Amino acid sequence: MGGFFSKLFKDKFAKAAFIILAVLYFVILFADFIAPYSNTYSNREMSYAPPSKIYTITPEGKLSRPYTYNYIREYEPTLMQTVFKQDRSKKYYIRLFPKAEGYKFLGIIPTHRHLFGTDCGGHLYLLGTDINGRDVFSRLLFGGRISMTVGFLSLLIVFPIGLLYGGISGYFGSFLDTIMMRFAEAVMAIPSFYLLIILAAILPSGMTSVQRFALIIIILALIGWAGFARVVRGMVLSIKNEDFVLAEKTIGASNLRIILKHILPQTTSYVIIAMTLSVPSYILAESGLSFLGLGIQQPDASWGNMLKEAQEFTNILYRPWLLSPGFLIFIAVLSFNILGDAIRDILAVSYTHLRAHETRH
């Protein structure tokens, strides 16, 4: 394992992708602690407030602890629109580990401490607010819990089904293989994203976001196993005539034992690569559904439904901070793809060396 990571980190892009993903998963795991506001926080008076400006130099030109000013919402008659101006009558210093809204750390320990915040009465919006006056930075962290976990949870369903289905089809072959593969090809022929839209649209409107999230995972899994099973089946066809498989048959091992303990483990390299490269597609699928209003519903956050506000042209021009969920989706998908490509190259080289060593001996 140590040799694998040393090879992985030799690739600068793969190392950067690994670090980025590690940071993303770390911050969403500790979102309650890192986020200055809760997932339910809302201040309608601060609707579409711009990012807070943080100062370290006083108006007198002296170095100071980081501080910010609150915004005042005013109507500007000359511009005929609402503007936000800083109330410079009072500074609010930024503090570490201040007391704020209560939550349960890791869902277990009740606490009121957050990583950072301001003096009592101050507001700190690192990435501004949305139409409901909710802190975009905090919601990015909470929304990442859904957008960044949907892929792995879907894989827990996709890969066991695909492995077992492809293993059985390839091992037994003949008429059973023909029937199973025709069914898999029929599933693959279904336009997956349009099917997702149809299935998500007919979900009951009264469902909670947790229930909707669970069903989205199941839907994604049920249409994603067929392509994986087809590849596994091809690998099993080439493995089942190896000497170690024939030896197991000779000693009377059951077919299920041979498939589970001797054939499917030989596909481990492909499974690891496929898992890494499949996660981005699930992230994009969930984000697309939520963006269209068919996935996770407000007020719960996901990067897809947060990005929905940025589809308005005026928001893109005057409130670019609303595009931050799209930036995170791009970074996460790109990182997974880079990491998957690097893992594929490492395992391909290792497999080539192993086969060459077996051939020599």
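Up top you'll find the structure we're talking about.
Residues numbered from 1 in each chain as written. Predicted model: local features only at pLDDT ≥ 70, side-chain atom pairs only at ≥ 80, totals over all residues. Heavy atoms only, no water.

### Topic: the overall build of the protein
Scanning the protein for helices and strands turns up 15 helices and six strands. Taking 2.2 N^0.38 as the reference for a compact globule, 361 residues should give roughly 21 Å; the C-alpha atoms of the protein span a radius of gyration of 26 Å, well beyond that estimate. Taken along its principal axes, the extent of the C-alpha atoms in the protein is 85 × 45 × 40 Å. Among the 361 residues that make up the protein, the fraction classed as buried is 43%. Sequence-distant contacts, at least 24 apart, represent 68% of the contacts inside the protein between residues at least 6 apart. Carbon together with sulfur atoms contributes 66% to the accessible area of the protein, which is approximately 19400 Å² in total. Positive and negative side-chain charges in the protein, numbering 33 and 23 respectively, have mean positions lying 4 Å apart. (Helix = DSSP H or I, 4+ residues; strand = E, 2+ residues; numbered from the N terminus. Rg over C-alpha atoms; globule rule 2.2 N^0.38 Å. Buried < 20%, exposed > 50% of the residue type's maximum accessible area, 1.4 Å probe, protein only. Contact = heavy atoms within 4.5 Å. Areas by Shrake-Rupley, 256 points an atom, 1.4 Å probe, with all protein chains shown as cover. Lys, Arg positive; Asp, Glu negative; His and termini not counted. Charge placed at Lys NZ, Arg CZ, Asp CG, Glu CD.)

### Points about the sheet that holds strand E6 (residues 116-118)
Strand order in the open sheet formed by four strands is E1-E2-E3-E6, and the pairing between neighbours is antiparallel. Each end of this open sheet is capped by a strand with a single partner; those strands are strand E1 (55-57) and E6. Neighbour-to-neighbour, the strand axes of the sheet open up by a mean angle of 45°, direction not taken into account. (Pairing = 2+ DSSP bridges. Axes fitted to C-alpha atoms, helices over the stretch in contact; angles between N-to-C directions.)

### Focus on the packing of aromatic side chains
Per the counting criterion, the structure on display carries 17 aromatic pairs. Measuring from centroid to centroid gives 5.3 Å for Phe-9 and Phe-18, while their planes differ by 65°, and the two rings are edge-to-face. Since its relative accessible area comes to 32%, Phe-9 is described here as partly exposed. Classification of Phe-18 as partly exposed rests on a relative accessible area of 31%. Both rings, one in Phe-159 and one in Phe-228, keep their centres 4.3 Å apart while their planes meet at 55°; by these two values the pair is tilted. Taken together, the residues span a long stretch of sequence, with Phe-159 in helix H5 (residues 150-172) and Phe-228 in helix H9 (residues 225-239) at a distance of 69 residues. Per residue, the accessibility class of Phe-159 equals that of Phe-228, and both read buried. The ring centre of Tyr-67 lies 4.8 Å from the NZ or CZ of Lys-91, which sits over that ring. (Phe/Tyr/Trp six-rings, centres within 6.5 Å; stacked < 30°, edge-to-face > 60°. Lys NZ or Arg CZ within 6 Å of the ring centre and 35° of its normal.)

### Details of the packing of H5 against helix H8 (residues 209-222)
Closest axis-to-axis distance for the H5/H8 pair is 8 Å, and the angle between their directions is 50°. Taken together, the axes of H5 and H8 are oblique relative to one another. Regarding H5 and H8, the two cross each other, and that crossing is right-handed. Here Val-150, Leu-153, Ser-154, Ile-157 and Val-158 of H5 come into contact with H8, specifically with Phe-213, Ile-217, Ile-218, Leu-220 and Ala-221. Classifying every residue of the contact of H5 with H8 by side-chain character gives nine nonpolar, one polar and no charged. (Parallel < 35°, antiparallel > 145°, perpendicular 65-115°, else oblique. Left-handed = near helix turned anticlockwise from the far one by under 90°. Nonpolar A, V, L, I, M, F, W, Y, C, P; charged D, E, K, R; others polar.)

### A closer look at the side chain of Ser-38
If you trace the backbone, Ser-38 turns up in the loop between helix H3 (31-34) and E1. Polar contacts involving the side chain of Ser-38 include one to the main-chain amide nitrogen of Tyr-41, which spans 3.3 Å. At 3.0 Å, the side chain of Ser-38 forms a polar contact with the side chain of Glu-101. In contact with Ser-38, not counting residues within four places along its chain, are Glu-101 and Phe-142. (Polar contact = N/O pair within 3.5 Å; in protein donor to acceptor, adjacent residues only side chain to side chain.)

### Structural notes on the nonpolar core
Residues Met-148, Trp-225 and Trp-303 are the most contacted members of the largest nonpolar core, which totals 79 residues. Looking at this core, the element that brings in the most residues is helix H15 (residues 324-360), giving ten residues. Ignoring sequence-local partners within four residues, the contact set of Trp-303 consists of Leu-140, Gly-143, Gly-144, Ser-147, Met-148, Pro-325, Leu-328, Ile-329 and Ala-332. One finds Tyr-41, Met-46, Ala-49 and Phe-84 within the second-largest nonpolar core, a separate group that totals seven residues. (Core = buried A, V, L, I, M, F, W, Y, C linked by side-chain atoms within 4.5 Å.)

### Observations regarding the pairing of strand E4 (residues 99-105)
The pairing of E4 with strand E5 (residues 109-113) spans four bridges and is classified as antiparallel. Within E5, the residue paired with Lys-99 across the bridge is Arg-113. The loop that links E4 with its antiparallel partner E5 comprises three residues; one of these, Leu-106, has a positive phi angle of about 60°.

### Description of the environment of Gly-252
Here Gly-252 shows up in the loop between helix H10 (243-250) and helix H11 (255-263). The exposure class assigned to Gly-252 is exposed, which follows from its relative accessible area of 59%. Along the backbone, Gly-252 and Tyr-165 are 87 residues apart, and their C-alpha atoms lie at a distance of 23 Å.

### Side note on the pattern of salt bridges
Side-chain pairing between opposite charges can occur once the charged atoms of the two side chains come close. Applying the stated criterion across every chain yields a total of nine salt bridges. Among the ionic pairs, Arg-134 bridges to Asp-130, the shortest N-O distance being 2.9 Å. For Asp-130, a relative accessible area of 4% puts it in the buried group. Salt-bridge contacts for Arg-230 lead to Glu-185; the nearest nitrogen and oxygen are separated by 2.5 Å. (Salt bridge = Lys/Arg side-chain N within 4 Å of Asp/Glu carboxyl O.)

### Considering the packing of H5 against helix H6 (residues 174-189)
In the contact formed by H5 and H6, the axes pass within 7 Å of each other and the chain directions differ by 145°. Handedness of the H5/H6 crossing: left-handed. For the pair formed by H5 and H6, the contact residues are Tyr-165, Ile-168, Ser-169, Gly-170 and Phe-172 on the first element and Ser-174, Leu-176, Asp-177, Met-180, Met-181, Phe-183 and Ala-184 on the second. Tallied by class, the residues present in the contact of H5 with H6 amount to eight nonpolar, three polar and one charged.

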